[in-house]
Amino acid sequence: MNAPAVLTHRADTLPFENSFANLPPAFYTRLQPTPVPSPYLVGASASAARLIGLDPLEFERQEVVEAFAGNRILPGSEPLAAVYSGHQFGVWAGQLGDGRAILLGDVPSLDDAMPGRTELQLKGAGLTPFSRMGDGRAVLRSSIREFLCSEAMAALGIPTSRALCVVGSDMLVMRETPETSAIATRMAPSFVRFGSFEHWFYTERNEELKVLADYVIDRFYPDLRAQPNPYRALLEEVTRRTAELMAQWQAVGFMHGVMNTDNMSILGLTIDYGPFGFMEAFDAKHICNHSDRGGRYAYYMQPKIGHWNCFALGQALLPLIGEVGDAQAALEAYGGVYERKLDALLHDKLGLRTVQESDKGLVDAMFNLMQATHVDFTLFFRRLGDLQVDNPAADAPLRDLFIDRPAFDAWAADYRARLHQENSVDGERRARMHAVNPKYILRNYLAQVAIDKAQKKDFSEVAKLLAVLERPFDEQPENEQYAALPPDWASELEVSCSS
Ligand code: AMP
Ligand code: MG
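Analysis parameters
Residues numbered from 1 in each chain as written. Chains lettered and ligands numbered in written order. Predicted model: local features only at pLDDT ≥ 70, side-chain atom pairs only at ≥ 80, totals over all residues. Heavy atoms only, no water. Near = heavy atom within 4 Å. Polar contact = N/O pair within 3.5 Å; in protein donor to acceptor, adjacent residues only side chain to side chain. Areas by Shrake-Rupley, 256 points an atom, 1.4 Å probe, with all protein chains shown as cover. Nonpolar A, V, L, I, M, F, W, Y, C, P; charged D, E, K, R; others polar. Buried < 20%, exposed > 50% of the residue type's maximum accessible area, 1.4 Å probe, protein only. Helix = DSSP H or I, 4+ residues; strand = E, 2+ residues; numbered from the N terminus. Arc of directions from axis to C-beta. Contact = heavy atoms within 4.5 Å. Domains from an automatic or database assignment. Donors = N, O, S within 2.8 Å, 3.2 Å for Na, K, Ca; no water.

1. Re the site of ligand 1
Now for step 1: Taken together, 17 residues surround ligand 1, and among them G97, G99, R132, G136 and N263 come closest.
Now for step 2: A distance of 2.8 Å is found between a nitrogen atom of ligand 1 and a backbone nitrogen or oxygen belonging to G136.
Now for step 3: In the complex, 81% of the free accessible area of ligand 1, which totals 480 Å², lies under the protein chains.
Now for step 4: Residue composition of the shell around ligand 1, by class: 2 nonpolar, 7 polar and 8 charged.

So this is what it looks like as structure tokens:
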């Protein structure tokens with residue numbers, strides 16, 4: 001694609017096109033964001049800005065802050081709120097839509113991972129026709145969490161929407177208590193969701209269904225046009241991407257928290273960060289979202305739910321695909337893709353270069369050990385990289401993570417034997433493992449410290465945490481405390497759907 005070579009766009013010269021706005025009017029409502037009083041910059045991602053050629057210094061200008069607050073419309077943008085529906089917690093929820101997100105339009109992308117164009121969307125920018133009972137706003141707390149996690153996931157190499165900036169306002173909004181409001185600017189090539197397709201299927205509007213599918217194929221999956229049945233191919237490709245995404249989430253201990261079909265990206269990206277969490281003390285049944293009483297979206301459920309959601313997409317695409325058997329065949333790819341991807345990721349996490357029949361046993365035993373001892377997920381894999389094959393005495397920092405040391409010793413003996421088998425070299429393996437097992441992740445308590453300070457108008461910790469999380473695999477000895485186990489008070493943190 002012919003993205004511009006310069007990185008010096010001012011916000012006002014971003015070359016907007018509005019491809020989504022060129023869809024028929026049934027797909028959205030055009031509207032303006034609702035201004036907020038006295039907006040101020042809470043945080044900005046220079047690396048996200050560079051992906052759209054925006055000069056990061058622009059965020060120092062109040063005019064630009066006003067634009068990303070929704071108080072001023074960027075030239076060339078045609079703001080709109082899109083309609084979609086979805087299954088929430090397994091139940092058909094009917095029409096939802098952008099209840100608080102407003103799409104500005106799309107601009108050229110310099111992102112090698114996502115070439116082409118990227119859309120800019122303001123989240124929390126005021127009421128839309130799809131706000132239902134909501135107020136169209138987002139709180140500072142959840143906006144900071146989305147901002148930091150989007151950028152952290154990108155740095156971890158996991159497909160995700162990006163976050164450009166967060167702008168706050170002292171305007172209070174009511175949640176469990178009154179909270180400061182904020183607007184987060186997100187970026188992704190598209191925010192079309194599984195639920196966008198379900199919307200037209202359940203309203204029996206096959207014409208719109210086809211328009212949307214053609215739009216998605218032509219814009220994001222042009223190679224599929226050559227397939228005998230491009231709609232079946234679309235389902236298969238989205239299924240494949242979703243399965244790979246689930247494997248990546250599992251391998252890093254990321255829990256989304258609300259995997260409703262309206263939160264599933266048609267591009268296989270992590271989107272709609274809400275009550276997410278990273279696994280700390282390992283428990284496969286951990287539920288990160290306090291509102292998810294039944295544990296539908298618990299850690300170990302995510303791969304199954306990913307499949308369930310692809311199935312819901314397949315159902316919605318059925319009028320275009322034609323034969324049920326074709327849709328089923330497209331969905332069949334899921335299990336194999338997921339298993340292969342997870343297997344490859346786990347081999348990398350364990351520093352194994354070869355594949356042996358016994359590896360499944362070793363991995364199962366590892367997860368059993370992690371489950372029985374509730375070891376910290378991130379510290380375990382990170383310190384495992386420091387293990388020396390012939391020097392168990394050097395294991396102390398790793399071994400100390402376990403309450404049940406003999407259980408660890410037993411597993412470590414098998415792991416060492418396995419490493420011996422492929423003549424693994426300590427230093428070389430350590431470098432490979434540290435490049436895939438992050439040292440720094442967005443622990444809830446770290447986000448909370450940044451949020452507490454931001455609520456007192458000190459945004460330094462948002463910037464600091466962003467800088468740390470942008471280099472998750474680097475040792476960063478000066479930031480050692482950001483890799484620490486959560487403090488005792490963190491066990492009382494609860495994250496819910498309230499955002
Ligand atoms: P979520 O599960 O957070 O992705 O939200 C589900 C739906 O509720 C989406 O359609 C959102 O746009 C909408 N929504 C969530 N919070 C609000 C709010 N404060 N105001 C308006 N709509 C909201
Ligand atoms: Mg959502």
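2. Topic: helix α16 (residues 460-469)
Now for step 1: When α16 is considered as a whole, its buried residues turn out to be E461, V462, L465, L466, V468 and L469. Down the axis of α16, the sector holding all buried residues measures 160°, keeping them to one side.
Now for step 2: Its buried side turned inward, α16 meets β2 (40-44), α3 (140-155) and α15 (444-455).

3. Some points on the domain arrangement of the chain
Now for step 1: Looking at the chain, the domain boundaries give domain 1 (11-190) and domain 2 (352-423).
Now for step 2: The gap between the C-alpha centroids of domain 1 and domain 2 is 42 Å.

4. Considerations on the coordination of the magnesium ion (ligand 2)
Around a metal, the idealised angle for a tetrahedral arrangement of four donor atoms is 109.5 degrees; for an octahedral arrangement of six donor atoms it is 90 or 180 degrees.
Now for step 1: Around the magnesium ion (ligand 2), the protein contributes the donor atoms N263 (OD1) and D272 (OD), at 2.0 to 2.1 Å from the metal centre. For the pair N263 and D272, one class covers both residues: buried.

5. Observations regarding the environment of Q315
Now for step 1: With respect to the secondary-structure elements, Q315 resides in helix α7 (residues 302-321).
Now for step 2: For Q315 and R186, which are 129 residues apart along the polypeptide, the C-alpha to C-alpha distance reads 29 Å.
Now for step 3: In this structure, Q315 is in contact with F201 and Y202, ignoring residues within four places of it in sequence.

6. A word on unusual backbone geometry
Both trends apply: most residues other than glycine have a negative phi, and most peptide bonds are in trans.
Now for step 1: In the Ramachandran plot, S38 falls in the positive-phi region, its phi being about 40° despite a non-glycine side chain.
Now for step 2: If you trace the backbone, S38 turns up in the loop between β1 (28-30) and β2.
Now for step 3: Of the residues examined, S38 reaches a relative accessible area of 59% and is grouped as exposed.
Now for step 4: Despite not being glycine, K457 has its phi angle at roughly 70°, a positive value.
Now for step 5: Within the secondary structure layout, K457 lies in the loop between α15 and α16.
Now for step 6: For K457, a relative accessible area of 42% puts it in the partly exposed group.

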